[in-house]
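# Structural features, examined
What follows is the residue order along each chain.
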Amino acid sequence: MSTLRKPYAVRGDADDPLIQRKWPYPERMSRSPFERDRDRVVGSRAFRRLAGKTQVFSTRTSDHFRSRLTHSIEVAQIAREVASALGLNVELAETLALVHDIGHPPYGHTGERAIDECLQPFGLRFDHNLQALRTVERFEQRYAAHRGLNLTLGVREGIIKHSRDYPADKYPKLAEYFLGRRPPLEAQIIDLVDEVAYLTADLDDGVESKILEVNDLCENLTIFRGFYEFVHRQHPGVEQKYLFHEALQWMQHRLTDDVINNVTRQLEELGIETLEQIREYPYRIAIFSPEIEAMRLEEKRYLYEALYTCGPLDVERKHGVIVIKSLFNYWVKNPSQLPSNYYGDLETEGVPRTVADYIAGMTDSYILDQYGALVTKL
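So, here's what we can say about the structure. (Residues numbered from 1 in each chain as written. Predicted model: local features only at pLDDT ≥ 70, side-chain atom pairs only at ≥ 80, totals over all residues. Heavy atoms only, no water.)

## Section: the overall build of the protein chain
Along the protein chain, the regular secondary structure elements total 17 helices and zero strands. The globule rule puts the C-alpha radius of gyration for 378 residues at 21 Å, and the 22 Å found for the protein chain is close to it. Referenced to the eigenvectors of the C-alpha coordinate spread, the extents of the protein chain come out at roughly 65 × 55 × 40 Å. Considering the protein chain as a whole, with its 378 residues, one finds that 53% of them fall into the buried category. Sequence separation of 24 or more characterises 71% of the internal contacts of the protein chain that already satisfy a separation of 6 or more. (Helix = DSSP H or I, 4+ residues; strand = E, 2+ residues; numbered from the N terminus. Rg over C-alpha atoms; globule rule 2.2 N^0.38 Å. Buried < 20%, exposed > 50% of the residue type's maximum accessible area, 1.4 Å probe, protein only. Contact = heavy atoms within 4.5 Å.)

This is the structure in structure tokens:
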């Protein structure tokens, strides 16, 4: 495991423009700027609310299933390992992993699509990366001098660009975030380690729910089958659930190692040695190897067909769409029924965006409480 920071890593020193904040704030010798950002994220209300937001299964189903919060923690663990091995800025990578899902609404990606559909008739869109930026810049109010968490430029750039790029001509308001240039590797690896985390975790939760079966995984997933057969040979006669969990660990190790090895190979083959070269390269350097990418796509197709769209989850997904769209339409027609602390945003952001912001911040349980209280008026 590397402990030396490479020249292509984000420096994070006093001369690095990526540590700049919108409002000057005295630095502390005991913590780096990105460590302070990490602590600000972890201390935020929006981060705590991730405990009540769906990953795949609602927390109402079982206390053992992952929430957005536990998923984010798992992503951060993997991000630290990958960043350390690649000689990157570990503190920045960890912070980006912890904050990457902070803009997700209730009901996971289903909720994101529902809000987006609600906004489109008003000429607006919902993007959870941009919502994460709005969350840390506008909705967290913990300081007397300003709104937001006052995070560094490096973290704010990584929040919006860790999983996609934004064309400068379509997003002029994001001009300060180096649009048209690739993000640092610390941000690029977040999308990959996010995949590593959920490709293993969703199998775990799927089997725990009894929707997925281990034997079926062996029949359909190349990467899992190989490790399960290996573990079975190593531990004959051991109960299946223990073999399953150990196979998942081996699978996660293989995916993580592929991120480390393939990024290293990409850097060497492309002759990239500096952060500036990473930014100027026309494509993202952090990608899976062709072999693992094929297995990843195989598993994503399987999860979509066997888990994400299965009967029990489909029922909850459809109910979530009804809840979100019903409440959105109600509050758009009756903005005076919003909490009073949103009245100022009605003037500056407009009614549809303000309603979307309010809904996006809710947990699954809170939005159901709101729906129950208003269902007779909807």
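Read on for the rest.
## Some details on unusual backbone geometry
Non-glycine residue Tyr 107 carries a positive phi angle of around 65°. For Tyr 107, the position within the fold is in the loop between helix H4 (90–99) and helix H5 (108–119). In this structure, Lys 210 is a non-glycine residue whose phi angle is positive, near 70°. Turning to its location among the elements, Lys 210 is positioned in the loop between helix H8 (185–208) and helix H9 (214–220). Take Lys 210: its relative accessible area is 71%, and that puts it in the exposed class.

## Comments concerning the nonpolar core
Ranked by internal contacts, the top residues of the largest apolar core, which has 89 residues, are Ile 159, Leu 185, Ile 189, Leu 217, Phe 224 and Met 251. In terms of residue count, H8 provides more of this core than any other element does, twelve residues in total. If sequence neighbours within four positions are ignored, Leu 185 has contacts with Tyr 8, Leu 88, Val 263, Leu 267, Ile 278, Ile 285 and Ala 286. Residues Cys 118, Ile 324, Phe 328 and Met 362 belong to the second largest nonpolar core, which totals 24 residues. (Core = buried A, V, L, I, M, F, W, Y, C linked by side-chain atoms within 4.5 Å.)

## Examining helix H10 (residues 222–234)
The first and last C-alpha atoms of H10 sit 19 Å apart over 13 residues, in line with the 18 Å expected at 1.5 Å per residue. Among the residues of H10, those classed as buried are Ile 223, Phe 224, Phe 227, Tyr 228 and Val 231. Each buried residue of H10 lies within a common arc of 115° when the element is viewed along its axis, so the set occupies one face. (Expected span 1.5 Å × (residues − 1). Arc of directions from axis to C-beta.)

## Points about the state of the cysteines
Per the stated rule, a full pass over the model turns up zero disulfides. Here Cys 310 stays unpaired: no disulfide links it, and the sulfur of Cys 218, its closest cysteine neighbor, is 20 Å away. Residue classification places Cys 310 among the buried residues on the basis of a relative accessible area of 12%. (Disulfide = S-S within 2.5 Å.)

## Some points on the side chain of Thr 152
As for its placement among the helices and strands, Thr 152 is situated in the loop between helix H6 (128–139) and helix H7 (153–161). In this view, Thr 152 contacts Leu 18, Ile 19, Gln 20, Arg 21, Pro 33, Phe 34 and Asp 37; residues no more than four positions away in its chain are not counted.

## Thoughts on the packing of H5 against helix H14 (residues 311–333)
Where H5 contacts H14, the two axes come as close as 9 Å, and the packing angle between them is 35°. Judged by the twist between their axes, the crossing of H5 over H14 is right-handed. Counting all contacts with H5, which are made through Thr 110, Gly 111, Ala 114, Ile 115, Glu 117, Cys 118 and Leu 119, the residues of H14 involved are Arg 317, Val 321, Ile 324, Lys 325 and Phe 328. When the residues that make up the contact of H5 with H14 are grouped by side-chain class, the tally is seven nonpolar, two polar and three charged. (Axes fitted to C-alpha atoms, helices over the stretch in contact; angles between N-to-C directions. Left-handed = near helix turned anticlockwise from the far one by under 90°. Nonpolar A, V, L, I, M, F, W, Y, C, P; charged D, E, K, R; others polar.)

## A few points about the pattern of salt bridges
One pass over the structure, following the stated rule, counts 36 salt bridges. Two residues, Asp 165 and Arg 284, come together in a salt bridge whose shortest N-O distance is 3.0 Å. One end of the pair, Asp 165, is in the loop between H7 and H8; the other, Arg 284, is in the loop between helix H12 (275–280) and helix H13 (290–308), with 119 residues separating them in the sequence. Among the ionic pairs, Asp 314 bridges to Arg 317, the shortest N-O distance being 2.5 Å. One end of the pair is Asp 314 and the other is Arg 317, both in helix H14 and three residues apart, which spans about a single turn. (Salt bridge = Lys/Arg side-chain N within 4 Å of Asp/Glu carboxyl O.)

## Considering H7
Within H7, nine of the nine residues are buried, leaving the element largely enclosed by the surrounding structure. Every buried residue of H7 is accounted for by Leu 153, Gly 154, Val 155, Arg 156, Glu 157, Gly 158, Ile 159, Ile 160 and Lys 161. For H7, the elements touching its buried residues are helix H1 (33–42), H4, H6, H8 and H12.

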